Amino acid sequence: MKKNNSSYLIEKYNIGEMSDSDKQWFEKRLIGDKKLRDEANLRRSTDEILEHQNIISLRNKLSGIERRRDAKKHFIQPKIPVHLKYAAVLVGIVLIGSISLFFRKNISGDEILNRYYKVYEPPTAQRSGQSVANVDFARALEFYNTHDYGNAAILFNKVVERNPGDMQSELLSGVANFGDKKYPEAKQSFVNVINDNNNFFIENAKWYLALCYVKTDERKKAIKQFEIIQEDGGIYSNDAKKIIRRYK
């Protein structure tokens, strides 16, 4: 028994956890020690106040829960008239339709070109040999890569004149003329590549021919060309499909 610890003894005494012998001994101390007696009384009063406050707090919490339950019981969900419900549904349908039309609006030719046109990137490797055609091709590439499409087209045309089967130069001539805004010449080059039907540049030629038709506002020809590209299933087929849906 920790008889020298006053706080401990007072706590044990107040909550009734002392044995009979300890209790008799402690009560004798209280009689002879006014300071100890006052402290014990103060601790008892404090405990009673705290207990009382806890009871009040618990009662308040229980009352608040009961009030919220009563409020839910007495709350009546307002009834919406049937005609208003149908009106709300109709408004929603109209709104969804409007949004759908907004996002599926037609796309203009300028938007197609801004979004889908990219200049064809020629191979970086130079052609071997010192023939006039190869020299002209190298110079044409230099003009092409610096966006001097007018001079590039002239030199690519010279290469094609010397070697009509050079479909790479034919394609580059078409793209250069497109960049120089000479669309009839560009179309003819792309058609020549497509009609050759035996080269690696046909897919690109079909794509740039379609964009030529867009640029010259030949809508029906453009759509037909995009449909061909979509059916081919090549690298441009997905873009062609998107354009067809919104260009009609």
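For the structure, check the block above.
All of these numbers come straight from a predicted model, not from anything done at the bench.

Parameters and conventions
Residues numbered from 1 in each chain as written. Predicted model: local features only at pLDDT ≥ 70, side-chain atom pairs only at ≥ 80, totals over all residues. Heavy atoms only, no water. Helix = DSSP H or I, 4+ residues; strand = E, 2+ residues; numbered from the N terminus. Polar contact = N/O pair within 3.5 Å; in protein donor to acceptor, adjacent residues only side chain to side chain. Salt bridge = Lys/Arg side-chain N within 4 Å of Asp/Glu carboxyl O. Buried < 20%, exposed > 50% of the residue type's maximum accessible area, 1.4 Å probe, protein only. Axes fitted to C-alpha atoms, helices over the stretch in contact; angles between N-to-C directions. Parallel < 35°, antiparallel > 145°, perpendicular 65-115°, else oblique. Left-handed = near helix turned anticlockwise from the far one by under 90°. Contact = heavy atoms within 4.5 Å. Nonpolar A, V, L, I, M, F, W, Y, C, P; charged D, E, K, R; others polar. Core = buried A, V, L, I, M, F, W, Y, C linked by side-chain atoms within 4.5 Å.

A. Focus on the side chain of D22. As for its placement among the helices and strands, D22 is situated in helix α2 (residues 20–32). One polar contact links D22 to S19, side chain to side chain, over a distance of 3.1 Å.

B. Main features of the pattern of salt bridges. On inspection of all chains with the given rule, the structure shows six salt bridges. One salt bridge connects K182 with D180, and the closest N-O pair in it is separated by 3.5 Å. Since its relative accessible area comes to 29%, D180 is described here as partly exposed. Notably, a salt bridge pairs K206 with D232, separated by 2.8 Å at the nearest N-O pair. With K206 in helix α10 (residues 202–215) and D232 in helix α11 (residues 219–232), this pair connects stretches of sequence that are 26 residues apart. For D232, a relative accessible area of 47% puts it in the partly exposed group. Taken together, the shared-partner salt bridges connect K187, E218 and K221 into one network.

C. Expanded view of the packing of helix α8 (residues 167–179) against α10. Running from amino to carboxyl end, α8 crosses α10 at an angle of 20°, the nearest separation of the two axes being 11 Å. The angle between α8 and α10 places the two elements in the roughly parallel class. Here α8 runs over α10; the crossing is left-handed. Across the interface between the two elements, L171, V175 and F178 from α8 touch N204, A205, Y208, L211, C212 and K215 from α10. Of the residues assigned to the contact of α8 with α10, the class counts are seven nonpolar, one polar and one charged.

D. Looking closely at the nonpolar core. Ranked by size, the top nonpolar core spans 46 residues in total, and within it Y144, F190, W207 and F226 carry the most contacts. Contributing elements (two or more residues each) for this core: α5 (109–116), α6 (132–145), α7 (149–162), α8, α9 (183–196), α10, α11 and α12 (237–247). When residues of this core are assigned to their parent elements, the largest contribution, ten residues, is made by α10. Not counting residues up to four positions away in its chain, the partners in contact with W207 are Y116, F226, I229, Y236, D239, A240 and I243.

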